[in-house]
Amino acid sequence: AQPLWLKAVVAAGGLGLIVLELWWFLGSRPRAADAAGTGDGPQEISITVGAGYEPGRIRVQSGRPLRLIFHRVNPSGCVDRVLFPDYHRSLDLPLNARTTIDLPAQRPGRYPFHCGMNMVRGEIEVVGE
């Protein structure tokens, strides 16, 4: 039989890991990075695909198209594709390559994107001028 204090430590550690996992997948929100662009051309930003999307939240101006440049460095099959449900678009992400997708202008709002398994997520935040 295990001592009671050891059972309490193991239970507390397990509970702590569950809380951390819930925060990671449901509660953590990455800082927003602004897409760059001038004139009438598309706003543009590069996203590194590692353990997640970096940056994971992109802030863009409404009324202007957006160009996302993905660079996948993670060999996991989970992140070999990115889906944009609100745009009805998807993009295959070859390993160690830069892949570009152009998205049309949108109204202000939040537009999520995610890997094929919906475990790695990001967000496009469209703000008004």
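First things first, this report covers the structure right here in the doc. The model shown is predicted, which means the values in this text are computed figures rather than measured ones.

## A short note on the overall build of the protein
On a plain count of helices and strands, the protein comes out with one helix and 10 strands. If you list the helices and strands of the protein from N to C, you get α-β-β-β-β-β-β-β-β-β-β. In terms of overall dimensions, the protein is more spread out than a globule: its C-alpha atoms have a radius of gyration of 19 Å, far above the 14 Å expected for 129 residues. Along the first, second and third principal axes, the C-alpha set of the protein runs to 70 × 30 × 20 Å. The long-range fraction of contacts in the protein, counting pairs at least 24 apart against all pairs at least 6 apart in sequence, stands at 55%. Total accessible area on the protein is roughly 8000 Å²; 58% of this is exposed by carbon and sulfur atoms.

## Some details on the sheet that holds strand β6 (residues 81-84)
With mixed pairing, six strands are arranged side by side in an open sheet as β1-β4-β10-β9-β6-β7. Each edge of the sheet is formed by a strand with only one pairing partner; in this case those strands are β1 (32-34) and β7 (89-92). Strand-to-strand twist in this sheet, taken as the mean axis angle between neighbours without regard to direction, amounts to 25°. Direction of pairing for β1 relative to strand β4 (residues 57-61): parallel, over a ladder of three bridges. Across the sheet, the residue bridging to D34 is R59, located in β4.

## Concerning the side chain of Q43
Inspection of the secondary structure puts Q43 in strand β2 (residues 43-49). For Q43, a relative accessible area of 2% puts it in the buried group. A polar contact of 2.7 Å, which involves the side chain of Q43, links it to the backbone nitrogen of Q61. Every residue in contact with Q43, bar those within four places of it in the chain, is listed here: A35, A36, G37, V60, Q61, R64, P65, L66 and R67.

## Concerning the sheet that holds strand β5 (residues 66-72)
Strand order in the open sheet formed by four strands is β3-β2-β5-β8, with mixed pairing between adjacent strands. On the outer flanks of this sheet lie β3 (53-54) and β8 (98-103), each paired with one strand and no other. In terms of strand pairing, β5 meets β8 through six bridges, oriented antiparallel. Residue L66 lies in a different strand from β8, and its bridge partner there is L103.

Conventions and cut-offs
Residues numbered from 1 in each chain as written. Predicted model: local features only at pLDDT ≥ 70, side-chain atom pairs only at ≥ 80, totals over all residues. Heavy atoms only, no water. Helix = DSSP H or I, 4+ residues; strand = E, 2+ residues; numbered from the N terminus. Rg over C-alpha atoms; globule rule 2.2 N^0.38 Å. Contact = heavy atoms within 4.5 Å. Areas by Shrake-Rupley, 256 points an atom, 1.4 Å probe, with all protein chains shown as cover. Pairing = 2+ DSSP bridges. Axes fitted to C-alpha atoms, helices over the stretch in contact; angles between N-to-C directions. Buried < 20%, exposed > 50% of the residue type's maximum accessible area, 1.4 Å probe, protein only. Polar contact = N/O pair within 3.5 Å; in protein donor to acceptor, adjacent residues only side chain to side chain.

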